[in-house]
Protein chains: 4
Amino acid sequence: MTDVAAMLNAYPAHREVIDDDALVLCIQQSLACAQACDACADACLAAPDVSHLAEAASAARVAADLAVTNARVLSRLTGFDAEVARTVVKACEVACRSCFLATRRHGLEYEHCHICAEACRRCAGACRRLLAGLT
Amino acid sequence: MTDVAAMLNAYPAHREVIDDDALVLCIQQSLACAQACDACADACLAAPDVSHLAEAASAARVAADLAVTNARVLSRLTGFDAEVARTVVKACEVACRSCFLATRRHGLEYEHCHICAEACRRCAGACRRLLAGLT
Amino acid sequence: MTDVAAMLNAYPAHREVIDDDALVLCIQQSLACAQACDACADACLAAPDVSHLAEAASAARVAADLAVTNARVLSRLTGFDAEVARTVVKACEVACRSCFLATRRHGLEYEHCHICAEACRRCAGACRRLLAGLT
Amino acid sequence: MTDVAAMLNAYPAHREVIDDDALVLCIQQSLACAQACDACADACLAAPDVSHLAEAASAARVAADLAVTNARVLSRLTGFDAEVARTVVKACEVACRSCFLATRRHGLEYEHCHICAEACRRCAGACRRLLAGLT
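Residues numbered from 1 in each chain as written. Chains lettered and ligands numbered in written order. Predicted model: local features only at pLDDT ≥ 70, side-chain atom pairs only at ≥ 80, totals over all residues.

Peer 1: Requested: an account of the overall build of chain A, with residues and values cited.
Peer 2: Within chain A, the secondary structure is distributed over 5 helices and 0 strands. Along the chain direction, N to C, the helices and strands of chain A fall in the order α-α-α-α-α. Computed over the C-alpha atoms, the radius of gyration of chain A is 16 Å, within 12% of the 14 Å expected from 2.2 N^0.38 for a compact globule of 135 residues. For chain A, the spread of C-alpha atoms along the three principal axes comes to 55 × 25 × 20 Å. Counting every position in chain A, which comprises 135 residues, the buried fraction comes to 67%. (Helix = DSSP H or I, 4+ residues; strand = E, 2+ residues; numbered from the N terminus. Rg over C-alpha atoms; globule rule 2.2 N^0.38 Å. Buried ≥ 20, exposed ≤ 12 C-beta atoms within 10 Å, placed from the backbone.)

Peer 1: Tell me about the interface of chain D and chain C, and name the residues and values.
Peer 2: If you look at the interface, chain D gives 35 residues, while chain C gives 35 residues. Looking at the side of chain D that touches chain C, the elements that each hand over two or more residues are helix H1 (4–9), helix H2 (20–46), helix H3 (54–74) and helix H5 (111–133) of chain D. When residues in the side of chain D that touches chain C are grouped by element, the largest group, 12 residues, is from H2 of chain D. The residue makeup of the side of chain D that touches chain C, split by class, is 23 nonpolar, 6 polar and 6 charged. (Contact = placed C-beta atoms within 7 Å. Nonpolar A, V, L, I, M, F, W, Y, C, P; charged D, E, K, R; others polar.)

Peer 1: Now, about the relation of the copies chain B and chain A: what can you tell me, with residues and values included?
Peer 2: Between the two copies, chain B and chain A, the superposition gives an RMSD of 0.0 Å; the rotation angle is 180° and the shift along the axis is 0.0 Å. On this basis, the relationship between the two copies can be described by a two-fold rotation axis. Take the interface residues of chain B: 100% of them recur as interface residues in chain A, which is what a same-surface contact looks like. (Least-squares fit on C-alpha atoms with pLDDT ≥ 70 in both.)

Peer 1: Tell me what's going on with the packing of helix H3 (residues 54–74) of chain A against H3 of chain D, and back it up with residues and numbers.
Peer 2: Packed helices, taken two at a time, are described by the angle between their axes plus the distance between the axes. In contact at an axis separation of 10 Å, H3 of chain A and H3 of chain D are set at 175° when each is read in the N-to-C sense. With respect to H3 of chain D, the element H3 of chain A is oriented roughly antiparallel. Residues Val62, Asp65, Leu66, Thr69, Arg72 and Val73 of chain A of H3 of chain A pack against Val62, Asp65, Leu66, Thr69, Arg72 and Val73 of chain D of H3 of chain D. Residues belonging to the contact of H3 of chain A with H3 of chain D are distributed by class as follows: 6 nonpolar, 2 polar and 4 charged. (Axes fitted to C-alpha atoms, helices over the stretch in contact; angles between N-to-C directions. Parallel < 35°, antiparallel > 145°, perpendicular 65-115°, else oblique.)

Peer 1: Pulling in residues and values, what's your account of the interface of chain B and chain A?
Peer 2: With 35 residues of chain B at the contact, the number on the chain A side is 35 residues. Of all elements in the fold, only helix H1 (4–9), helix H2 (20–46), helix H3 (54–74) and helix H5 (111–133) of chain B reach the threshold of two or more residues within the side of chain B that touches chain A. The leading source of residues in the side of chain B that touches chain A is H2 of chain B, at 12 residues.

Peer 1: Lay out the relation of the copies chain D and chain C with the relevant residues and their values.
Peer 2: In this structure, two copies of a chain are linked by a rotation about an axis accompanied by a shift along it. Expressed as a screw transformation, the operator carrying chain D onto chain C has a rotation angle of 180° and an axial translation of 0.0 Å, and the superposed copies differ by an RMSD of 0.0 Å. With an isologous cut-off of 70% or more, the 100% of interface residues of chain D that recur at the interface of chain C puts this contact in the isologous class.

Peer 1: Please provide a residue-by-residue account of the environment of cysteine 123 of chain D, values included.
Peer 2: All names here are of chain D. Structurally, the position occupied by cysteine 123 is in helix H5. As for cysteine 123 and cysteine 33, which are separated by 90 residues in sequence, their C-alpha atoms are 6.4 Å apart. Not counting chain neighbours up to four residues away, the residues in contact with cysteine 123 comprise Gln29, Ser30, Cys33, Ala67 and Cys96.

Peer 1: Help me get a handle on H2 of chain B, residues and values and all.
Peer 2: Here H2 of chain B spans 39 Å end to end across 27 residues, near enough to the 39 Å set by a 1.5 Å rise per residue. Burial within H2 of chain B is extensive, with 24 of its 27 residues counted as buried. (Expected span 1.5 Å × (residues − 1).)

Peer 1: For the environment of threonine 103 of chain B, give the residues involved together with the corresponding values.
Peer 2: Residue and element names in this part refer to chain B. Its location among the elements puts threonine 103 in helix H4 (residues 82–104). When the 32 C-beta atoms within 10 Å are taken as the criterion, threonine 103 is described as buried. Residues threonine 103 and alanine 41, spaced 62 residues apart in sequence, show a C-alpha to C-alpha distance of 9.8 Å. Contacts of threonine 103, omitting those with residues within four sequence positions, involve Cys40, Ala56, Ala59, Ala60, Cys113, Cys116, Ala117 and Cys120.

Peer 1: So what's going on with the environment of alanine 117 of chain B? Which residues, and what values?
Peer 2: Residues and elements named next belong to chain B. Mapped onto the fold, alanine 117 is located in helix H5. The sequence separation of alanine 117 and alanine 54 amounts to 63 residues, and the corresponding C-alpha distance is 15 Å. Excluding anything up to four places from it in sequence, alanine 117 contacts Phe100, Thr103, Arg104 and Gly107.

Peer 1: Explain the nonpolar core residue by residue, including any values.
Peer 2: One recurring pattern in soluble globular proteins is that nonpolar side chains are buried together. Core analysis: the largest hydrophobic core is formed by 244 residues, its most contacted members being Ala63 of chain A, Ala63 of chain B, Ala63 of chain C together with Ala63 of chain D. Not counting residues within four places of it along the chain, the set of residues in contact with alanine 63 of chain C comprises Cys33, Cys37, Ala95, Cys96, Cys99 and Cys120 of chain C. (Core = buried A, V, L, I, M, F, W, Y, C linked by C-beta atoms within 7 Å.)

Peer 1: Can you lay out the packing of H3 of chain B against H2 of chain D for me, pointing to particular residues and giving the numbers?
Peer 2: The contact between H3 of chain B and H2 of chain D brings their axes to 9 Å, and the two run at 160°. Taken together, the axis directions place H3 of chain B and H2 of chain D in an arrangement best described as roughly antiparallel. The chirality of how H3 of chain B crosses H2 of chain D is left-handed. Across the interface between the two elements, Ala54, Ala57 and Ser58 of chain B of H3 of chain B pack against Asp42, Leu45 and Ala46 of chain D of H2 of chain D. Tallied by class, the residues present in the contact of H3 of chain B with H2 of chain D amount to 4 nonpolar, 1 polar and 1 charged. (Left-handed = near helix turned anticlockwise from the far one by under 90°.)

Peer 1: Help me get a handle on the confidence of the model for chain A, residues and values and all.
Peer 2: Chain-level pLDDT for chain A is 96 on average; 99% of the residues reach the 70-or-more range. As scored by the predictor, the complex reaches a pTM of 0.97 and an ipTM of 0.96. (pLDDT = per-residue confidence, 0-100.)

Rendered as structure tokens:
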């Protein structure tokens, strides 16, 4: 769906050596996770027992913001600062893990929480894989 | 890549009748466009003749912000306000069209501008298709 | 609190003639509105009768996203495209108006809805003032 | 300018004990910093020797995204997760420090870089003060 890998290859200057596959995957999973989290927080608000879903909705709002920011920051290579990248990816990983724990509890009753938890799990995994190579 | 359609189907309440295919496509194209625009603005900064690309980079920054916002707003259905949706999709369409014009000029020399222009063209098209059904 | 006016004066190139006071005010009100809306959507989730506040929380989420985007886009002058600016400011104005209507209803019971409605009212007003000069 | 403190006081439920003054200041400085960074990245694109400012513009783009995200995440208290908050504030602090170093170099020639560096310095300081109390 996205042109992440093509844009990476089109970068016109010498650039920091990163694990390209891990980078592309992390950006893609972050975009997918952000969308799922945004939609899940919204679906929680429409659920009959929204008061039980307040924590899940809150965690999803935060994970959505972090996943969007992670995808955007990782899409830029000029003046790449590995320390900045590491802390951003780390923050995204922690927020996704927190949202995973908050939404999977409701996964049996709410399909949107199940999908969101899975998207967060995949995104957190992609963040950890990228972090392993960001020395 | 994304769970856009699955999340739409998991929405737990009665919801506004929208053209679901057009909605899913618009969200997906907005996410892809945002990423391409973010990366293109960054690649412009690394180009040897960045001064000639300043306008393209600026247009890409704006289109990236609008495309992200469009994807996020369209991912939410609770309390759906058609007038709000229309103006957001319209703003995204205009920003993508503006970025398309600014980047396609450099498409022959810069692959990242070519990819960005194409992503903007597709996103603007998906916005127009969605707008046609948002009465 | 912000350096909006100082940054405007520090812009190093010839730029589009806009009503500077209206521009600075619109950026400042958008930032304040975004923060109030983000906090209000969160406070709604913590309220005892959150199910009655679902629409207010949803409207506040959308207005927060639009207000942030408006402030960011208006902070950029390079390659300024008046049509883009107009549609973004318009989308922000409509989203703030929608949130104002959704939150002021709860203003007597919930202080956070009252503050949010006021912030939206001021932001929508600043948007209209800026729009009047964006020909 | 903002209603940050008023919104904090209007939160309708028992909430995590945080240093409220440090929280309010960090949100306000993050909003101000985001605006200054967004405007500085744009002003860099309009400067006659933009190629020398590419790194400053890139650092400002990243710091703007992190500062916005920081302000938004910190504006929410429901389901507050101290580990998430710490990593987000840390990422903002690191990005602001990186942008401070990249922009202050150009502070003598470019007023917008000077203002941006100062906003980043204040924001990073507010982040460190908040972090000290987020145990």
